[in-house]
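Each chain, letter by letter, is given below.
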Amino acid sequence: MFGIRSRNVGIDLGTANTIVYLENKGIVLREPSVVAKKVADGEVVAVGQEAQAMIGRTPGSIRAIRPMKDGVIADYDTTASMIKYFLQKSVGNGHPSVMICVPSGVTEVEKRAVIEAAEHAGAREAYLIEEPFAAAIGAGLPVMDPTGSMVVDIGGGTTDVATISLGGIVSSRSIRMAGDKFDESIIAYIRQKFNMLIGERTAEQLKMEIGSASIAAAEEIKGMSIRGRDLVSGLPKTIELTAVDIATAIHEDIEEIMVAIKETLEETSPEISADVIDHGIVLTGGGALLKNLPEVISDSTRVPVFVAQAPLDCVAIGTGESLQNLDVMRNHK
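Note that the coordinates shown come from a computational prediction; the quantities given were computed from them, not determined experimentally. (Residues numbered from 1 in each chain as written. Predicted model: local features only at pLDDT ≥ 70, side-chain atom pairs only at ≥ 80, totals over all residues. Heavy atoms only, no water.)

S.K.: Even after reading the chapter, I still don't get the pattern of salt bridges, so can you show me in this structure?
M.R.: Pairing is possible between side chains of opposite charge, provided their charged atoms come close. The final tally for this structure, using the stated rule, is 14 salt bridges. Between Lys 111 and Glu 108 there is a salt bridge; the shortest N-O distance is 3.5 Å. Highlighted residues: Lys 111 and Glu 108, both in helix α3 (residues 108-120), separated by 3 residues, approximately one helical turn. Its relative accessible area of 60% is what places Glu 108 among the exposed residues. Between Arg 112 and Glu 116 there is a salt bridge, and its shortest N-O distance comes to 3.2 Å. Pair noted here: Arg 112 and Glu 116 are both in helix α3, with a separation of 4 residues, about one helical turn. Using a relative accessible area of 42% as the deciding quantity, one classes Arg 112 as partly exposed. One salt-bridge network, in which partners are shared between bridges, spans Arg 66, Asp 180 and Glu 200. (Salt bridge = Lys/Arg side-chain N within 4 Å of Asp/Glu carboxyl O. Helix = DSSP H or I, 4+ residues; strand = E, 2+ residues; numbered from the N terminus. Buried < 20%, exposed > 50% of the residue type's maximum accessible area, 1.4 Å probe, protein only.)

S.K.: Looking at this structure, how should I read the sheet that holds strand β5 (residues 44-47)?
M.R.: The pairing of strands in a sheet comes from backbone hydrogen bonds and takes either a parallel or an antiparallel form. The 3 strands lie next to each other as β5-β4-β6, forming an open sheet whose pairing is antiparallel. Two strands close off the open sheet at either side, each with one partner strand: β5 and β6 (62-65). Here the average twist between neighbouring strands, direction ignored, is 20°. Summarising the sheet, strand β4 (residues 35-38) and β5 pair through 3 bridges and their orientation is antiparallel. Bridge pairing in β5 places Val 35 opposite Val 47. The sheet contacts of helix α2 (residues 76-91) involve β4, β5 and β6, and relative to β5 the element is tilted by about 55°. (Pairing = 2+ DSSP bridges. Axes fitted to C-alpha atoms, helices over the stretch in contact; angles between N-to-C directions. Contact = heavy atoms within 4.5 Å.)

S.K.: What is the right way to read the packing of helix α9 (residues 251-266) against helix α11 (residues 293-301) from this model?
M.R.: Interaxial distance between α9 and α11 falls to 11 Å at its minimum, and their mutual angle equals 50°. In terms of their interaxial angle, α9 and α11 are classed as oblique. Relative to α11, α9 is oriented so that their crossing is right-handed. On the side of α9, the interface is formed by Ile 254, Met 258, Ile 261, Lys 262 and Leu 265, while α11 contributes Leu 293, Val 296, Ile 297, Ser 300 and Thr 301. Of the residues that constitute the contact of α9 with α11, the class distribution is 7 nonpolar, 2 polar and 1 charged. (Parallel < 35°, antiparallel > 145°, perpendicular 65-115°, else oblique. Left-handed = near helix turned anticlockwise from the far one by under 90°. Nonpolar A, V, L, I, M, F, W, Y, C, P; charged D, E, K, R; others polar.)

Here is the structure:
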């Protein structure tokens, strides 16, 4: 696409979306982490946006899958094909150095799988950066200063909570509870309460348009009508949903994120806790856009809470900016 072969690349390899950051250029690609393959021989038919449009609509011979699950690789070969496609679309046929972010709770085996998938996809060398650290850099927090910062990155597969000071993570939690689990909870709630089946894309639309972290605040939000399949008759059906329904569906998921935030704060030294009270908690990731979430977290922790500027891009920007430290990483390899 850009014909520059020596540029280094930062990749936010997310469960829901992949964002590619090109050194000195910024974000050049943002596509869903979806691959469509032929069932018979595993041949890749489509990747990204094109594959996303096929979810729930493919014939029996083609399957649209998400090769990343809960922030880690669930299908190695498909992930490698996906990274290769995104790299070629961003930098052509070059072999760039690649920085990829991973959730803070991943195992050594999972880290190795990500590095190998990137190298297999054509990267000259691959390095990893932890998601909350990348998010903090992208959000403009003073990560190298002797000042405590706290970031909560709510992605598609994982929520990463971390306190950061002097260029390192002081305390952290990574839980497999995030945007995708919200969607699953909405599907389950509608199935149980209305005897109706809806798809992932409808659930995501409900979450984005009328979802709220607060059941009380949801009463002020206008409802929405959706279509799905009646589980009794098997026929198409339309129902009206209130925002309170969606807030109720995801209430327990929000509580789980609260527990992770509180546990991280409890592990933090009094000095860093004082800094966090002064500067607040910063939210990043797609989940940060959920209505009323900052207020709910602030009420629960008694700490100010802010949504970062461009929360969806923070991890990718931080991953890209950390490319400047590649020499340091090479020395530590």
